[in-house]
Structure formats: C-alpha cells, structure tokens
Amino acid sequence: QRVLLLVASDVDALCACKILQALFQCDHVQYTLVPVSGWQELETAFLEHKDQFKYFVLINCGANVDLLEILQPEEDTFFFVCDSHRPINVVNVYNDTQVKLLVKQDDDLDVPAYDDIFRDEEDEEEDSESESEGSEPLEKRRRFEEEVIERTMRRRQRREWEARRREILFDYEQYEYHGTSSAMVMFDLAWIMSKDLNDMLWWAIVGLTDQWVQDKITQMKYVTDIGILQRHVSRHNHRNEDEENSLSIDCMRIAFEYDLRLALYQHWSLYESLCNTSYTSASLKLWSVQGQKRLQEFLADMGLPLKQVKQKFNSMDMSLKENLREMIEESANKFGMKDLRVQTFSIHFGFKNKFSASDIVYATTSLMENIEKEGPETTNFIKALDSLSRGNLDKLHQGLDLAKKQLRAIQQTVASCICTNLVISQGPFLYCSLMEGTPDVKLFSKPVSLCLLSKYLLKSFVCSTKNKRCKLLPLVMAAPMDVEQGTVIMVGIPPETESSDKKNFFGRAFEKAAESTSSRTLHNHFELSIIELKTEDRSKFLDALISLLS
Amino acid sequence: VRKHSQHMKLFKNKGKDETSLRRQRVEVSIELRKAKKDEQILKRRNISIHVKEENPTLGQGRSFEIIQPSLEEIMEAVNGDDTELQLLATQAARRLLSRHRDPPINQIIELGIIPRMVEFLGRADNAGLQFEAAWALTNIASGTSEHTRAVVEGGAIPAFISLLSSPHMHISEQSVWALGNIAGDGPLFRDALIARDVIPPLLALVSPATPIGFLRNITWTLSNLCRNKNPCPPLDAVKKILPVLIFLLQHEDKEVISDSCWAVSYLTDSCNDRIQVVVDTGILPRLVELMDSPDVNVVTPALRAVGNVVTGTDQQTQEAIDAGVLTVLPRLLRHTKPVIQKEAAWTLSNIAAGPCQQIQQIITCGLLPPLVELLSKGDFKAQKEAVWVVANFTTGGTVDQVVELVRSGVLKPLLNLLLAKDSKTILTILETISKLFMAAEKLGETEKLCLLVEELDGLEKIENLQNHENDMVYRAALDIIEKYFSGEEMTDLEPQTGQDGLYDFSVEKEDFNF
C-alpha cells in the first residue's frame, strides 16, 4: 500500500520527514511526498490524491483542526498525524478509527474527558417509540416521573451540559502552543522499532533545535528534551572514546556541547555573529550609539583584538580559540548576559565539517523561505530537505549564506523599527507594521522569517523601553504580503518574559476579530496566529482586536 | 484573498458551532475508544452511587430544590411512626423508581420495605401515601419476574384489588396499572388475580365517562388478563371480559382499540373451543373492519386475531370469510410493512388449506394477483408464507382451480424461490411442483408443463438442487427430474412454438386446459 506523505514547511517537519523516509526505505514502503504550506494546499493535495491513496501521513499539520470535517474522507481512509501543534482537536483525539495520532506518551495533552464534550445520541432519544409500530403491548410498564417535569429537567441538564462544554472547549482551545518536536517523536518510533541510526538522531536534534530557535517551547521543555537526546547521543557515539574501535574520520559523530549562543559564529566572524544574534544585540542595545560603545567595551574586556574578531572565525588564531567560550562567558556575565551559553549538539564529519544544530536550523529555514525564485513552488522545500543530508554540503553552504543575509536583514529591520519608534502600544498589545518599500520587506512576507523578526523585535523592544507595562505585552506584527492583491501577513506572538509558557492566544483572537468585523482574512497557516488580511480591512480588524483583548 | 469564503467556513467550524457540526461527525464516524467508554460508564455509576449514599442533597431532583434522602433514611422513615416522614420517604422511593436511568429496584427491594408499602395502600385516611406507595409498587412490579414476585409476596394483590374501588380516581388508576404489571408476569399471577376476583371491580371502572388515559390503562390490564397460554385464562373469566372488549372495540381511541384487539388475538390464539367462544360474540365483522384501518397499531392485532380464527375449523373459517376477510386481504398482501404482508399471507395460507369451496372464494375475491406479486417481490418472510398458500392451494384445490393458479403466473416466482437458502421452503416448492405435474398428468398436459418449467429456467434450478446438501431436497429434485425430465429425449420437448403462437403454455391462452 502506497502512502502519501504530507509535510508542512518547517524545519522540524523536514527532520521528521527525513527520519520517516529512512524508515520507509528500510521497510520498502512506497510513498509519495507532497509539501504543504497551509490548509489550502493540504486540502488540495488530499483531493488530488484521495482516489489513489488510503493512508496519509501528516507531519506538523492536521492535529489542531477536525480533519474529518475539513477533508470529508471516505470511511476507508486513514490519517496518521505527527504534529507538534497544540491543542489537538478533540475529535481527532477521540476518533479511534480514521485518525491515528503519534504523540509522545508523556506529553501532557490535558484533553477534556469524553463525556464532557460528547454526548451519545441514545441519551437524547430515550422516549421516542416510533419504531415499535405495530408491536405487541409491553407485558409490564414502569410509570416514569411526570413527562413535563422529566422533559424540563432533561432540557435544563442538557443546557447546563452544553454551557459547560463550551467553557471546557474554550479553555482547552484558547491557547496555541507546541508539544514535543515531531522529529523527536519520529525518532522515538524508530528507536522503539530498533531502527534508529545516528543520522536519524541528528535530525531529531535539529528538529528540537528548530523549536528552540523559533521560540516555540519553554526553556524547561528544551532542557528536558536535550537531556533525552543526550542519552541517545552517548549510546550512538560512545565508540570514539575507545582508541581501538575509533571510527574513521569520515564517519559522522555527534557531540554534546555547552556552546555559545551566537548564531552561525563558526561560519561567520565573531563580530558579525555578536551583532546579528538577537540575544547579544538586544542585551547590548546595538541599535544605539551607546550600544555600539558597549560592544567595543565588551570585546575589550575579553581582550580580543578587533582585527581577530572581525575576521572569519575559521581563520582566527588557534590560541585565541582555546578557552574562547569560557572567556566570552565571563565577560558576558559582567555585561548582564547570563545565558550566553546553551546546551546543544554539534556534528562532525570529515576533517573540516563541523556544524552546530542551530547552524543547520538557520540554513534550512533560509533555504525554505528563499525569496529568489528558482523554479516551481516546491523547489525551496526540496532543496531545504536535501540540505539535511550530509551528502549535499553545497546546498547547506548556500543555506548558511542565505541565513546570514536573513539575520542581517532582521537585525537591520529591528534597529530601524526601534530607532524610528515603529513599535506602538495599542493598549492590550504592541503593534508594529512594516511599510511597503522598507528594505528586505519581501523577506518578511514569509511566515517563519516574519515570526523570527517579531520575536527579535519584541526582545529588543523590551530591552529598549522603560515603560514597565509595555515590557509585559504581546506583539502583533504586520508586513506586506502581496502588493497586487493588497494583502498583509499578520502574526501575533506572546509576551517576552523569562517565565513565558509560550502559549499564544492570538489564533482565537484573530478569528473572533475577523468574524465580528467581516474582515476578509485567510486563516491558511497551520499556525493559527498567522493570518493573511486585506490591507483595507486592517484598521477595523485591529480596532476589533483591541476591544476584544481590552 | 483566494478562496476566501470557503475557508472562512472551514475555520469557523474550528472554534464555534461545535455542537451541531461535531455531533454530526461524531454520529457518522466516531467510534469512541471502547475501554475509555466503559471506564466512563463505570464512573457514571460510581457517581450516582456516591450521590445517593454520601451526598443526599445532590439527588437528581436538585434543580427543583427537592431533597433526596439516602436509601437508609428512606428505610428508617418508612418503618417509623411519623406519617409525614412516611409520605416523604415513600415519595422519595417512588421518585428513584421512576427516573429513566437505572431505577434502583433491587436496592429498594433489599431494604425490605415492600410489606410496609403494601400496608400504606390500606391507609384510606391518607390518599397521598396510598398513591405514592401504589406508584412505587407499580414500578417495582414492572421489573423482572423476581421483582414482581417480591410485590405479590408482600401481599399486594388483595390490597390493589380493593383499591380499584377507591374514591380517588388517580389511586384506582394506579392500582389498575400495578395489577396490569402483576398479570403481565405470566399465567400464575394472572390466575391468582382472577381467583381473587379482580375482574368485576376492574370492569366496573369502564364507562362512557371514564377519562381516556384511565381507559387505556384498564384496556391494557384487561389484555394482560387475557394474555398467555399454558394454561389459557379460565373460561368464565374470558366470558366476563369479552362483552367489555367488544364495547372497547367500538371506542374511538386508537390505543384502546389496539390493546382490545391484542386481547382478542390472545383469546383466539387457542384451541378451537376457545375460538368458538370469541366467534359466538359476533365480533368478526368489526375485526375485519379494523383490519382495514390506516393505523398499523390497529391492523396488526386485528389481523392477528382473524388469522388465529382461520386456524380453526372450516366453519369458523367460513365465518371469517363471511365477515369479509378475503376482501381486505389483497390490500394487506400489498402493505408497505413486511410484517403485515407476512401475517396476511399466513392468514391466506390457512384459508387455502380449507375445502375447495373456500379455495374458490379465494379465486373469486381476486387474491391470486396479489399473491403472485408477493411471491415475486415481497419480503422474504412473506414469500415463505406465500409459498405455503400455493402449497395448500395445490393440495386442496380442484384441477380447474390449480389450472387457474398456474394461469395467474404463479410458476415463475415459485421457481425463482428455488434459489432460496431455506431448505424447508425449497422442499415445499418441490412438493408443490410435483402436485402440479400430477394435475397436468390428469389433463394429459405433462409435456406442456415440462416445457413451461424449462422455459422459466426451472429445470436448471431443479437440476442444480440435485447437488443440495439437504438429502430430502436432493431426493425431491431427483424425483421430479426422473419422472418428468428424463427417459424421453429432450428433443421431443424442443420448443414446440410452431403450432399456434409462441408458447402453448403461455398464461393467457384460451384453448388449452393447463
């Protein structure tokens, strides 16, 4: 039986897809891969293939809406859903025939109890006797409570039940968030089947790192999952510790690292990386003159010559690189950057190939959202997917270059937004809109890039503002999407606080605001907090959003 | 924005409107996890027990501010001396017993309060208490045989019978209901009630002024007093009830009529002597009239009653024919309800088992066309009955009558039914075919019948039946093949279509006998 693989456009999905492809290859399962970037494409892909396929695997899409309702499949069609989007739609949870969810056992889903949200039909039709037509009278009959009282009572109970159901579902569906990375779930599956390979483990690591880079999970969840993966890493990579059995240098090795949180620094210059990493840039406030001065002081404190810092990291003096992490960490502490190091993993193969997990995430994301058109819609997806294989170093390097461009563009845009006071408080949330004609604005018509920009901007804004109330607000950001059609892309992100649970209420809020104003919106993205909106409808939509959240 | 409206629709499903949309889908394709559901059911039970026993203030009447005491409290109060508490507790017990879901009949019985509640039935000074006790006992008696026995053994029969004459109509009505439940348990308690002379006071309640709801209860209880065999109810009891049933059959209320018809059908489901008792009342014309009712709830028991009558003697059957049963049956054979078709065919089969004069009346009244229709496209159970009609007809009918039957086109659907799975039916058909051949032999038309059977693909079917797993079927099929389709070369029987028209056996031909 051939399987149709429907894969969303995010790095975690790509990684999960790679693992599954490897498993399919192992078991000689035939499959067709279709990338889907939103609900429309998912629906179209399903309609196109539903006659040839009975089994559909959905990766990072499909869990958070009622699949059967949307796709109206035949009864013999089955969906296997591996999706980190939460909350999972309750119908998907309780459907035990056509929808099979791949969820990590210890993920706490908090799904409402079946009886609280579904009612068996039979309960309601207790007293319909129409079918007994012409049958013999009962031998014995019980006398029930007065009909009227019974009926009123039942109706009242029913109303109460429904009100409670609405409340329960509202609570359950109010916030969007993310569960365990799909790549990790898929790796777990491979492990359970004893088919896990080091390559698969690396993809699981990249999947998790994607969630961290995109700020989708809490720090706590990240650290926990890193711990889980670390056990697998030592299981798979212990052979190198033993001289006699050491592997050839060409073989891939994964190593745990307590690494610097500086984006792409090993493929860049330390200076560029410091400037274009959200954490350092925001902490040092690099958009201001004082900020630039602080950067110089910071470098001086470390005792690193500017010339060394500004040249390619690879070419830096070996002597300086020794203890570099510790040195930087020490100085960073003095400058209020307590979390400059982070637990992560790196991969080594050959003599000079070393990549940190976040390098891969940035490179793959950039390939996926590359705005230079290089062919049909799916080209970017395929290229991004390919870059995850070790054999495609050229694609990976192209991705790294694109990623640098992207990070620079983000930092420049953040700086200009802050310097020109484009972030404004709307009361219940902060709002920032990019104008048509802003440099690099085209890049931010892509959802992941826009999300990254929003997160970096919010972080920087929180560091720049003195208004304590504003520090606690979420951010809504808009960017031009399609000038000809007059649409903007809009994203809402939760407040930037240390203890943030990364839960996002904008998905539901956007829906309500659009509905109450009849704004022409398209909720096409798998992330419900990303929408497309007609530019003309923006102001009434925002007004509604403000009053809704006030 | 592309495909805007359609997608907004999809998305609206997400947050809102779940009740209708989701439910629809749930209905179609959700099979909840079995284990999960069982667990939930268990929980539900736990909760209800919890509510009853540990948290008496949260009973199901909560929204009406009714305080539901625990079973313990009910028992104490019922056994106590405080009349007010007795009433409250009996009412509470009644309320538990009259809720839709899981009435705690066993638990209430186990409290041992039935004798006490029977005692309350006699409290003529406290109508409220009498009524609540009567209702509670009614519901206990509505359960299994064991439950009913608990009520009877508590001494409820005489108490309820004397309450039939209570000045309070609602109490006497509740007693009628309770007695109905006791009578419905089976012949033993039914006859115990009759022996206690339940019938006179019960019949006394029937008058033109009796409210309709009350009358329905009485009719139902009466039907239970006529119900069940081994033994059937005592003759003198039946004779007392019958005149009232005839009166009730004239009523305008469909439920009253329906239950009265059922009562008559129980009385006719018996030996010929008992059928005679019913026929003697002159009830048949009214029953036949009711067979023609637009209401299935009336047609079914009326048809059953008349169907039972024609299982009786030829004379009893003739009375039913004289009452017009054959004029009503064509419509019932074509009824939309398969059950009615089946019962009508069953009735007809018993008339067809009668003397040839009665068979002639079947032909005269135009029963053959609807019979053939039913045989060819009726419900399978009805078809089986129709096969019996044909079988009985060919057994008892004259040669002319049998020719008439074949002419009406019965052969084709009859042969088609040889494909049925049911050996008994196949066997009956094969026997019928043999009889048809015997008739054809008398007329010297064997070859023509052979040809007809062959043309209708019957020969092939009969030949195939020689491989049937059932030995009787195999032998019957073999017998027909050997007698009529072998020996002589088939060539002799090659289509003799030349002589005068296509098929000499075609059904509308005038110039042939068969």
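Calculation notes
- The residue numbers shown here count from 1 along each chain, following its written sequence.
- Both sets of labels track the order of writing: A upward for chains, 1 upward for ligands.
- Given that the model is predicted, a residue must reach a pLDDT of at least 70 before its local features are reported, and side-chain atom pairs must reach 80 or more before they are shown or counted; all residues, however, enter totals for whole chains, interfaces and linings.
- Water and hydrogen atoms play no part in the side-chain values, which are based on all heavy atoms of the structure.
- The secondary structure listing takes helices from DSSP runs of H or I that are at least 4 residues long and strands from runs of E that are at least 2 residues long, numbered from the N terminus.
- Categorising residues by exposure relies on relative accessible area from a 1.4 Å probe, with only protein chains included: less than 20% of the type maximum marks a residue as buried, more than 50% marks it as exposed, and the intermediate range marks it as partly exposed.
- In what follows, residue pairs with any heavy atoms lying within 4.5 Å of each other are defined as contacts.
- Note on areas: Shrake-Rupley with a 1.4 Å probe; residue coverage comes only from the protein chains shown.
- In the cavity and pocket records, a cavity denotes points on a 1 Å grid over the protein atoms alone where a 1.4 Å probe fits but cannot get out, a pocket denotes an open set with protein on both sides within 12 Å along at least 5 of 7 lines, and lining residues are residues with an atom within 4 Å of a point.
- Grid points are joined across faces, edges and corners, and a volume is the space filled by probe spheres set on the points.
- We call Asp, Glu, Lys and Arg charged. Ala, Val, Leu, Ile, Met, Phe, Trp, Tyr, Cys and Pro are nonpolar, and the rest, Gly among them, are polar.
- Any carboxyl oxygen of Asp or Glu within 4 Å of a side-chain nitrogen of Lys or Arg constitutes a salt bridge here.
- Patch membership requires more than 30% relative accessible area and the absence of a salt bridge. Residues of like charge join within 9 Å; the nonpolar side chains Val, Leu, Ile, Met, Phe, Trp and Tyr join within 5 Å.
- Charge counting follows a simple rule: Lys and Arg are positive, Asp and Glu are negative, and His as well as the terminal groups are ignored.
- To locate a charge, take NZ of a lysine, CZ of an arginine, CG of an aspartate or CD of a glutamate.
- Being paired, for any two strands, means DSSP has found at least two bridges between them.
- UniProt positions are given in the numbering used here, feature names are shortened, and annotations may be inferred rather than shown by experiment.
- Nonpolar cores were defined as sets of buried Ala, Val, Leu, Ile, Met, Phe, Trp, Tyr and Cys residues, with membership established by side-chain atoms within 4.5 Å.

Enquirer: Give me the lowdown on the overall build of chain B, citing residues and values where you can.
Expert: The number of helices and strands found in chain B is 31 helices and zero strands. Scored against the burial criterion, the 514 residues of chain B give a buried share of 52%. Taking all contacts inside chain B whose residues are at least 6 apart in sequence as the whole, residues at least 24 apart take part in 69%. Here chain B displays about 22900 Å² of accessible surface, and carbon together with sulfur accounts for 51% of that area.

Enquirer: Report on empty space enclosed by the protein, specifying residues and quantitative values.
Expert: Residue and element names in this part refer to chain A. Counted according to the given criterion, the structure contains four cavities of 30 Å³ or more. Size it by volume and the second largest cavity reaches roughly 80 Å³. Forming the boundary of the second largest cavity are W202, W203, I347, F349, F355, I360, S387, L388, S389, R390 and L396. Those elements that provide at least two residues to the lining of the second largest cavity are helix 9 (198-213) and strand 9 (341-349). Class assignment of the residues belonging to the lining of the second largest cavity gives a composition of eight nonpolar, two polar and one charged.

Enquirer: Which residues make up the environment of A:F256, and what are the values?
Expert: Residue and element names in this part refer to chain A. Secondary-structure assignment places F256 in strand 8 (residues 253-260). Sequence separation between F256 and S356 is 100 residues, and the spatial gap between their C-alpha atoms is 9.8 Å. Those residues within four positions of F256 in sequence are excluded, and the remaining contacts are I226, Q230, Q343, T344 and F345.

Enquirer: Please give an account of the pattern of salt bridges that cites residues and values.
Expert: Side-chain pairs of opposite charge can arise where the charged atoms are in close proximity. Residue and element names in this part refer to chain A. With the rule as written, the count across this model stands at 38 salt bridges over all chains. One salt bridge in this structure joins R235 and D196, with 2.7 Å as the shortest N-O distance. Of the two residues, R235 sits in helix 10 (residues 219-237) while D196 sits in the loop between helix 8 (182-192) and helix 9, which places them 39 residues apart along the sequence. Where K354 meets E257, a salt bridge forms, and the shortest distance between an N and an O atom there is 3.5 Å. A residue pair is termed long-range when its members are at least 10 positions apart, and K354 in strand 10 (residues 353-356) and E257 in strand 8 qualify at 97 residues. Classification of K354 as partly exposed rests on a relative accessible area of 23%. A relative accessible area of 8% means that E257 is categorised as buried. What you see here is one network of salt bridges that share partners, running through E257, D259, R325 and K354.

Enquirer: Can you break down a negative patch on the surface residue by residue, with the values?
Expert: Residue and element names in this part refer to chain B. Taken together, the side chains of E454, E455, D457, E460 and E463 present a region of like negative charge at the surface. Secondary structure elements with two or more residues in the negative patch: helix 29 (446-455) and helix 30 (458-464). Tracing the sequence through the fold places E460 in helix 30.

Enquirer: Describe the side chain of B:T347, listing the residues and the values that go with them.
Expert: You can see B:T347 is positioned in helix 22 (residues 338-352). Not counting the four nearest positions on each side in its chain, B:T347 is found in contact with B:L303, B:G307, B:V310 and B:L329.

Enquirer: Requested: an account of helix 26 (residues 399-407) of chain B, with residues and values cited.
Expert: Residue and element names in this part refer to chain B. Residues of helix 26 that are buried: Q401, V402, V403, L405 and V406. Looking at the buried residues of helix 26, the elements they touch are helix 23 (356-364), helix 24 (368-377), helix 25 (380-396), helix 28 (423-443) and helix 29. G409 occupies a position one or two residues after helix 26 and carries a positive phi of about 95°.

Enquirer: Got a sec to walk through the sheet that holds strand 15 (residues 521-522) of chain A? Specific residues and values, please.
Expert: Residue and element names in this part refer to chain A. Taken in spatial order, the six strands of this open sheet run 11-12-13-14-16-15, and their pairing is mixed. The sheet terminates laterally at strand 11 (424-425) and strand 15, the two strands that pair on one side only. Relative to strand 12 (residues 430-433), strand 11 is paired through two bridges, and the arrangement is antiparallel. Following the sheet pairing, S425 is matched in strand 12 by L430.

Enquirer: Describe the pairing of strand 14 (residues 487-493) of chain A, listing the residues and the values that go with them.
Expert: The two faces of the sheet receive side chains in turn, since in a regular strand these alternate between them. Residues and elements named next belong to chain A. With respect to burial, strand 14 is a largely interior element, seven of its seven residues being buried. Here strand 14 shows no split at all, with T487, I489, V491 and I493 on one side and V488, M490 and G492 on the other all buried. Sheet topology note: the strand 13 (residues 475-482)/strand 14 ladder contains seven bridges and is antiparallel. Bridged to D482 within strand 14 is T487. Count of turn residues in the strand 13/strand 14 antiparallel hairpin: four residues, of which G486 carries a positive phi of about 65°. The pairing of strand 14 with strand 16 (residues 530-534) spans five bridges and is antiparallel.

Enquirer: Just give me the short version of the UniProt feature "repeat: ARM" (unreviewed entry) in chain B, but keep the residues and values in it.
Expert: Residues given the UniProt feature "repeat: ARM" (unreviewed entry) here are residues 112-155, 155-183 and 282-324 of chain B. Taken end to end, residues 155-183 of chain B is 79% helix and 0% strand, and its two terminal C-alpha atoms sit 15 Å from one another.

Enquirer: How would you explain the nonpolar core if you had to name every residue and give the values?
Expert: By size, the foremost hydrophobic cluster in this structure holds 155 residues, and its most contacted members are B:L225, B:M291, B:V325, B:L329 and B:L430. Once residues lying within four places of it in the same chain are set aside, the contact partners of B:L430 are B:L418, B:I462, B:L465, B:V473, B:A476, B:A477 and B:I480. With 132 residues, the next largest nonpolar core counts A:A13, A:V36, A:Y222 and A:L434 among its residues.

Enquirer: Tell me about unusual backbone geometry, residues and numbers included.
Expert: Of the consecutive residues A:R86 and A:P87, the connecting peptide bond is found in the cis state with omega at 0°. Across the junction of B:N230 and B:P231, the peptide omega takes the value -5°, indicating a cis bond. Relative to the helices and strands, B:P231 is located in the loop between helix 14 (212-226) and helix 15 (235-249). The backbone of A:N60 sits at a positive phi, close to 55°, despite the residue not being glycine. Here A:N60 shows up in the loop between strand 3 (55-59) and helix 3 (67-71). Within the chain, A:N323 stands out as a residue other than glycine whose phi angle is a positive 60°. With respect to the helices and strands, the residue A:N323 is situated in the loop between helix 15 (318-321) and helix 16 (324-334). Exposure remark for A:N323: the relative accessible area of 51% places this residue in the exposed category.

Enquirer: Describe a nonpolar patch on the surface, and please don't skip the residues or the numbers.
Expert: All names here are of chain A. Residues L189, W191, I192 and M193 make up a contiguous nonpolar surface patch of roughly 380 Å² in combined accessible area. Mapping I192 onto the fold places it in helix 8. Owing to a relative accessible area of 64%, I192 belongs among the exposed residues under this scheme.

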